[in-house]
Amino acid sequence: MSYIRANQVVKEFGTGEGAVPAVRGIDLSIDEGGFISIMGESGAGKSTLLSMLGGLLSPTRGQILVRDIDIYALKGNKLADFRREFMGFIFQSFQLIPYLNVSENVQLPLAVTHHSEAEKRSLAMTALERVGLKEKALRLPNQLSGGEQERVAIARAVVNEPPILFADEPTGNLDSRNSAEVMKLLKRLNSEGQTIVMVTHSRRNAEHADRIVEVADGQIKETLPMRAVC
Amino acid sequence: MKLHDIAINNLRRRKGKLVFLVIGLMVGVASVVALVTTVRTLQEDIAHKMEEFGANIIITPRSEGLSLAYGGLSLGGLSFDVREISQDDVAKIKTIANSANIRIVSPKVFGVYESPEHKAMVVGVDFNEELVLKKWWKVNGKDPSYENDLLVGHDAAERLGLKIGAPLDIKGERFKVAGILEATGSQDDSLLFMWLPKTQELFEKQGKVGMVEVAALCKNCPISEIVSQIGEKMPSAKVTAVQQVVAGRMDALHSFERFSLGISALVLLVGSMVVFVTMMASVNERTREIGIFSAIGFRRSHIMKIILLEASVVSLMAGVAGYLVGILTTRVLLSVMTDQVPHFSLDPLVAVGAIFLAVVIGLAASFYPATAASRMDPSEALRTL
């Protein structure tokens, strides 16, 4: 059974004759514990697809089902609660909050949960330990290197242990050494059971996934099962 | 890590922004505090000065067919055969319900100085009260201090050929001119003033007074009420309010109040616009952050809470700073607007009001920006990433 499923998803920006299609009828299925890379040229629609899969952007038509729940049918606060419980996000350019220290940034998804303060600190330290940054918990983001900031962003995405991780160009601002480390980290998280959906330009990074989905002009061009290729 | 930690850390680590926001609101609050305090102090000062500016209640004996002009007013009977007011009754004026509003009670007794060449009216007064009542008097020489001292009106001195220190015999008793009034343009110029007890003794009117001038005014007490209270205490006297003077004074005070309210409202409006624009700009500036909050599962109410918490802290600081700056500004304004800085007391209600006002305006002005932030589409916000 698919863990995440996109059914004939269409996204148009604007309305009427001026509507610009970004995604044109995509069907996609991701298994629990899977790791897929979405690749494509700039403007191909891959980030739009990722946003829709992550519950951040409602499709113009079609459905996104996560654990068989039509997430855009969720009303009021339910979609926000669903995102908090089931999804973690790693954004382009790290996107850490500059006025919060590393530990506080990592604790951010826990700020609106019922954990005690001690539990929140402990969970943040565990997440930082997983990414090897426990000793830098009290630093501000601008006191870290790019690779370290990306690892903090990963720690923030996994601190509440969401089953799905969405990563939008997680290595876009990193050099090859740091990129390799981040990919190793994502691979490890995947091996620990996390479902990962990653958008990337890099073929080398994409090959860490089980499957590469190539998007062009708002449609899936081809799907390559990496294990089969390898 | 709680929502308020995000708000506090944002303000703590973005000090420049915090200072700018606080100043924005503080200017509005300080303006209102300064305006309210200045106008209130000026009102009190003006009321105080007005109270000192002559009498507004005249008490004369009840009599018919006798008249004497004094100060442009009909004073009733002043002839010797007319019933006079008992001095004991005068003391009762200060026992009325509104006695706190009675500032000056100045009883007078009248007599006539006669010499072969001249005649002049003699007015017996209590100089301690009279000199306070008639602030506009300018005395050349000295204020009368001994019982046989005279204060002579400008015209009377010229007519009688009196100079400071000159002697004058009245009814066989020798008096000395202690001071001469500069011209006032009123009937006072042609009068001779002497101490009340001496006048009573000289003209055989012990325990009697011919009229009483009373200065009574406060911002909110009805003068007609005071008149009626005095009338009850002195049934044999005719108590008259100088309505024109009273009405004029109250009009002036009400105009001040209206002016103050109008300006305060205007400044407040400008202040709230400053907060609104600043908070709106702050929200726009933080689109990226708000997008992240939203993406990681913050509800709309959580985002609103963060923005409104920040606004509350900023408003609280602006309220306290605004009150202090407002008070300092009041001091400066009063020193510029008045020759002698009037005393003004620090009213805790104004302090509480300033802080309350700042928080209410801060929250009201931040409500729309907070709502706009909470409604921000996370994907739109993330598109700016």
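Residues numbered from 1 in each chain as written. Chains lettered and ligands numbered in written order. Predicted model: local features only at pLDDT ≥ 70, side-chain atom pairs only at ≥ 80, totals over all residues. Heavy atoms only, no water.

## Points about the overall build of chain A
Tallying secondary structure elements over chain A gives 8 helices and 10 strands in all. With 230 residues in all, chain A has 55% of them scored as buried. Long-range pairs, those at least 24 residues apart, make up 67% of the contacts in chain A between residues at least 6 apart in sequence. (Helix = DSSP H or I, 4+ residues; strand = E, 2+ residues; numbered from the N terminus. Buried < 20%, exposed > 50% of the residue type's maximum accessible area, 1.4 Å probe, protein only. Contact = heavy atoms within 4.5 Å.)

## Section: the interface of chain B and chain A
Residue-level contacts link 28 residues of chain B with 27 residues of chain A. Counting the surface lost from both chain B and chain A, the interface buries some 2500 Å², and carbon and sulfur atoms represent 61% of this. The interface formed by chain B and chain A holds 1 salt bridge in total. The shortest N-O distance in the salt bridge between A:D81 and B:R299 comes to 2.6 Å. Remark: the boundary between chain B and chain A carries 11 residue pairs in polar contact (both at pLDDT 80 or more). Those elements that place two or more of their residues in the side of chain B that touches chain A are α1 (3-13), α9 (287-295), α10 (300-337) and α12 (378-383) of chain B. Residue composition of the side of chain B that touches chain A, by class: 11 nonpolar, 6 polar and 11 charged. (Buried area = accessible area lost by both parts, 1.4 Å probe. Salt bridge = Lys/Arg side-chain N within 4 Å of Asp/Glu carboxyl O. Polar contact = N/O pair within 3.5 Å; in protein donor to acceptor, adjacent residues only side chain to side chain. Nonpolar A, V, L, I, M, F, W, Y, C, P; charged D, E, K, R; others polar.)

## Some words on the nonpolar core
Among the nonpolar cores identified, the biggest contains 81 residues, and A:L53, B:I6 and B:F298 are the most heavily contacted of them. At 11 residues, the largest contribution of residues to this core is made by α10(B). Residue contacts for B:I6: discarding those within four places in its chain leaves A:Y99, A:L100, A:L108, A:A111, B:M1, B:F293, B:F298 and B:I306. Core analysis: the second largest hydrophobic core is formed by 32 residues, A:V102, A:V131, A:A137 and A:A155 among them. (Core = buried A, V, L, I, M, F, W, Y, C linked by side-chain atoms within 4.5 Å.)

## Side note on the packing of aromatic side chains
Under the definition given, this model contains 7 aromatic pairs over all chains. Between B:F293 and B:F298, the ring centres sit 5.1 Å apart and the planes meet at 10°, which makes this aromatic pair stacked. (Phe/Tyr/Trp six-rings, centres within 6.5 Å; stacked < 30°, edge-to-face > 60°.)

## Considering a nonpolar patch on the surface
Together, B:V332, B:L333, B:V336 and B:M337 make up an exposed nonpolar region whose accessible area comes to about 380 Å². Counting through the fold element by element, B:M337 comes out in helix α10. (Patch = residues over 30% accessible without salt bridge, like charges linked within 9 Å, V, L, I, M, F, W, Y side chains within 5 Å. Areas by Shrake-Rupley, 256 points an atom, 1.4 Å probe, with all protein chains shown as cover.)

## Examining the packing of α10(B) against helix α11 (residues 348-374) of chain B
Residue and element names in this part refer to chain B. Relative orientation of the contacting elements α10 and α11 amounts to 150°, with a least axis distance of 7 Å. Here α10 lies roughly antiparallel to α11, going by the angle between them. As for how α10 packs across α11, the hand of that crossing is right-handed. Along the lines of polarity and charge, the residues of the contact of α10 with α11 split into 18 nonpolar, 7 polar and 1 charged. (Axes fitted to C-alpha atoms, helices over the stretch in contact; angles between N-to-C directions. Parallel < 35°, antiparallel > 145°, perpendicular 65-115°, else oblique. Left-handed = near helix turned anticlockwise from the far one by under 90°.)

## Describing the pairing of strand β4 (residues 61-66) of chain A
Residue and element names in this part refer to chain A. Across 5 bridges, the pairing between strand β1 (residues 2-13) and β4 is antiparallel. In the strand pairing of β4, I4 is matched with V66. Inspection of the sheet shows β4 paired to strand β5 (residues 69-70) by 2 bridges, in the antiparallel sense. Counterpart to L65 in the pairing with β5 is D70. Joining the antiparallel neighbours β4 and β5 is a turn of 2 residues, in which R67 adopts a positive phi near 50°. (Pairing = 2+ DSSP bridges.)

## Remarks on the sheet that holds strand β6 (residues 87-90) of chain A
Within a beta sheet, neighbouring strands are joined by backbone hydrogen bonds and run either parallel or antiparallel to one another. All names here are of chain A. Strand order in the open sheet formed by 6 strands is β6-β7-β8-β3-β9-β10, and the pairing between neighbours is mixed. With partners counted over all chains shown, the strands left at the sheet margins are β6 and β10 (219-225), one partner each. Between one strand axis and the next, the sheet turns by 15° as a mean value, whatever way the strands run. Strands β6 and β7 (164-168) of the sheet are contacted by helix α2 (residues 78-86), whose axis makes an angle of about 75° with β6. Across the face of the sheet, helix α6 (residues 176-191) comes into contact with β3 (35-40), β6, β7 and β8 (195-199) while running at roughly 150° to β8.

## Notes on the environment of B:M317
All names here are of chain B. One can find M317 in helix α10. By relative accessible area, which is 39% here, M317 ends up partly exposed. Residues M317 and M26 lie 291 residues apart in sequence; the distance between their C-alpha atoms is 8.2 Å. The residues contacting M317, other than those within four sequence positions of it, are L18 and V22.

## Focus on the pattern of salt bridges
Residues and elements named next belong to chain B. Using the criterion set out here, one finds 23 salt bridges over all chains in the structure. Across the pair E114 and K119 runs a salt bridge, and its minimum N-O distance is 3.5 Å. Across the pair, K119 and E114 agree in class, each one exposed. Connected through shared salt-bridge partners, K108, E130, K134, D188 and E213 make up one network.

## A word on the pairing of strand β14 (residues 237-241) of chain B
Residue and element names in this part refer to chain B. Going residue by residue along β14, you find A237, V239 and A241 tucked away on one face and K238 and T240 left uncovered on the opposite face. Looking at chain direction, strand β1 (residues 57-61) and β14 are connected through 5 bridges and run antiparallel. Bridged to I57 within β14 is A241.

## Quick word on α2(A)
Judged by how many residues are buried, α2(A) sits mostly within the fold: 7 of 9 residues are covered. Among the residues making up α2(A), those that are buried are A:L79, A:A80, A:D81, A:F82, A:R83, A:R84 and A:F86.

## Quick look at the confidence of the model for chain B
Summing up the model confidence of chain B, the mean pLDDT is 83 and the portion of residues at 70 or higher is 86%. Scored by ipTM, the complex comes to 0.89, with pTM at 0.68. (pLDDT = per-residue confidence, 0-100.)

## Overview of the environment of A:G172
Residues and elements named next belong to chain A. Looking at the element boundaries, G172 is found in the loop between β7 and α6. Residue classification places G172 among the exposed residues on the basis of a relative accessible area of 53%. Measuring from C-alpha to C-alpha, the distance between G172 and H201 comes to 8.1 Å, with 29 residues separating the pair along the chain.

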